[in-house]
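# Topology and contacts: notes
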Amino acid sequence: MTSPLLRHHHRRRLLSTCTRSLKWLSRSISLNPTGRPQQTLASSVSRSGTALHSGDFTTARLLPAAAGEGRFFVAGHSRPRTRIPAAIGHVVDSALCTTLARDGTRVRTVEHLLSALEACGVDNCRIEIDGGDEVPLLDGSAKEWVEAIKQVGLCVAEDQHGYTLDKLVPELHEPLYLWHGSSFLIALPSQKICITYGIDFPKVPSIGCQWFSSFMDESTYTKEIASSRTFCVYEEVEGMRRAGLCKGGSADNAIVCSITGGWLNPPLRFFDEPCRHKVLDLVGDFSLFAQNGNQGLPIAHIIAYKAGHALHTDFVRLLSRSSTELRERLLR
Ligand SMILES: [Zn+2]
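Residues numbered from 1 in each chain as written. Predicted model: local features only at pLDDT ≥ 70, side-chain atom pairs only at ≥ 80, totals over all residues.

What follows concerns the overall build of the chain. A count of helices and strands for the chain gives seven helices and 21 strands. Rg of the C-alpha trace for the chain: 20 Å, near the compact-globule value of 20 Å for 332 residues, within the 12% margin. Over its C-alpha atoms, taken along the principal directions, the chain stretches across nearly 70 × 45 × 35 Å. Burial status across the chain gives 42% buried among its 332 residues. Taking the intrachain contacts of the chain between residues at least 6 apart in sequence as the baseline, contacts between residues at least 24 apart amount to 75%. (Helix = DSSP H or I, 4+ residues; strand = E, 2+ residues; numbered from the N terminus. Rg over C-alpha atoms; globule rule 2.2 N^0.38 Å. Buried ≥ 20, exposed ≤ 12 C-beta atoms within 10 Å, placed from the backbone. Contact = placed C-beta atoms within 7 Å.)

Right under this line is the structure:
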């Protein structure tokens, strides 16, 4: 049997080994030690509500997970239930929301929950979905997810042998960019994480052109971003409803703007709430770059203009592809 003192010594040794290694994933990205251990939830917590697309009443139960497991969903009707890692390789559809799938089981609208977990440092988490195939939308922001995380608190995650793992964070070393039509996403090397986001709705005067820019840490995210709600244009939603989408969308879980009538359910929580919500979505989508309980959001200045889930996830694929190509070259 290992004495507690020896176990402690082993843990320290493991941490310091990780701390020395700076792993280059490609010319553009490295994984750097933070000197802090990976975390998980101190106990389980759940939230239930209406799902945006199906209109089903669903529940997401968040449970602690071991160091190195990362964030993953448990969903579907098969026994055992399907485990779907919250990783870019499992993204199947990103038009109106981000959807993950594996072996015929899917989980839709994962972005707001993942955004809160990434921003609050919940590196390892088991998420059980019941009542349908979607994460409940709650009030359309990440506010209630952040509150749920704060309610139970975090603790240091251990693996099955009782070891802790140093949390690694990706850092960008050269510019990367992607564009589609007039939309673009650029990431530039930076000392800390910064996000700049622009949107432009010339036909919807109450939204119009908005820019938001800030460095991003847990405190900024909680105060400035987490409570920004999903927004939609009233005239477009009617078309989506006829196509069988957004069945669960309502004035309780989105801010709705009419082309001619302005905001239909004021007040807004911030004058630029739509643009801030896009930052919330971006953090959720970039969290899909995370592997093995490490951080997904890279240390970089990320600049997005008129982007959405599809461009966000394409960019994360670009990050992942360049990492994989280098790994394969090194193994040859
Ligand atoms: Zn969103």
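Split by domain assignment, the chain resolves into domain 1 (34-166) and domain 2 (171-331). Opposite the 43 residues of domain 1 that make contact, domain 2 presents 36 residues. Where the side of domain 1 that touches domain 2 is concerned, the elements lending two or more residues are α2 (111-120) and α3 (143-152). Counting residues per element, the side of domain 1 that touches domain 2 draws most heavily on α2, at nine residues. (Domains from an automatic or database assignment.)

Structurally, T82 is set in strand β7 (residues 82-85). T82 gets classed as partly exposed once you count the C-beta atoms within 10 Å, which come to 17. Between the C-alpha atoms of T82 and G249, which are 167 residues apart in sequence, the distance is 27 Å. Dropping the residues within four chain positions of it, T82 is found in contact with A75, G76, R102, D103 and T105.

A word on the sheet that holds strand β10 (residues 105-107). One open sheet holds the three strands; their spatial order is β8-β9-β10, and the pairing between them is antiparallel. Edge positions in the sheet fall to β8 (91-93) and β10, since each of these pairs with one other strand and no more. Within the sheet, the average angular offset between the axes of one strand and its neighbour, ignoring direction, is 40°. In this structure, strand β9 (residues 99-102) lies alongside β10, joined through three bridges in antiparallel fashion. Bridging from a neighbouring strand, L100 pairs with V107 of β10. (Pairing = 2+ DSSP bridges. Axes fitted to C-alpha atoms, helices over the stretch in contact; angles between N-to-C directions.)

Next up on the list: the sheet that holds strand β21 (residues 301-305). If you walk across this open sheet you meet the five strands as β14-β15-β21-β16-β17, and the pairing is mixed. The open sheet has two edge strands, β14 (176-180) and β17 (208-215), and neither has a second partner. The mean inter-strand angle of the sheet, taken between neighbouring strand axes irrespective of direction, is 5°. The sheet contact formed by β14 and strand β15 (residues 183-188) spans five bridges and is antiparallel. Its bridge partner lying in β15, L178 is registered against L185. The strands touched by helix α6 (residues 273-286) are β16 (194-201), β17 and β21; relative to β16, the strand with the most contacts, the crossing angle is about 130°.

With that out of the way, let us pick up the confidence of the model for the chain. Here the chain averages 90 in pLDDT, while 90% of its residues score no lower than 70. The low-confidence segment residues 1-21 (pLDDT under 50) makes 15 contacts with residues lying over four places distant or belonging to another chain. (pLDDT = per-residue confidence, 0-100.)

Once that is clear, we can look at unusual backbone geometry. Cis geometry is found at the peptide bond from R79 to P80, where omega equals -5°. Here P266 and P267 are connected by a cis peptide whose omega angle stands at 5°. Mapped onto the elements, P267 comes out in the loop between β20 (262-263) and α6. A positive phi angle, close to 50°, is found at D103, a residue other than glycine. Relative to the helices and strands, D103 resides in the loop between β9 and β10. On the basis of neighbour count, D103 is assigned to the exposed category, with 10 C-beta atoms found within 10 Å.

A separate point is α6. Taking 1.5 Å per residue as the helical rise, α6 with its 14 residues ought to reach 20 Å, and the 20 Å between its terminal C-alpha atoms agrees with that figure. Counting buried positions along α6 yields 14 of 14 residues, so the element is predominantly enclosed. (Expected span 1.5 Å × (residues − 1).)

A few words on the packing of α2 against α3. Between α2 and α3, the shortest axis-to-axis distance is 8 Å and the interhelical angle comes to 45°. One element, α2, and the other, α3, form an angle in the oblique class. Like other packed secondary-structure pairs, α2 and α3 cross with a definite hand, here right-handed. Across the interface between the two elements, H112, L113, A116 and C120 of α2 pack against W145, V146 and I149 of α3. (Parallel < 35°, antiparallel > 145°, perpendicular 65-115°, else oblique. Left-handed = near helix turned anticlockwise from the far one by under 90°.)

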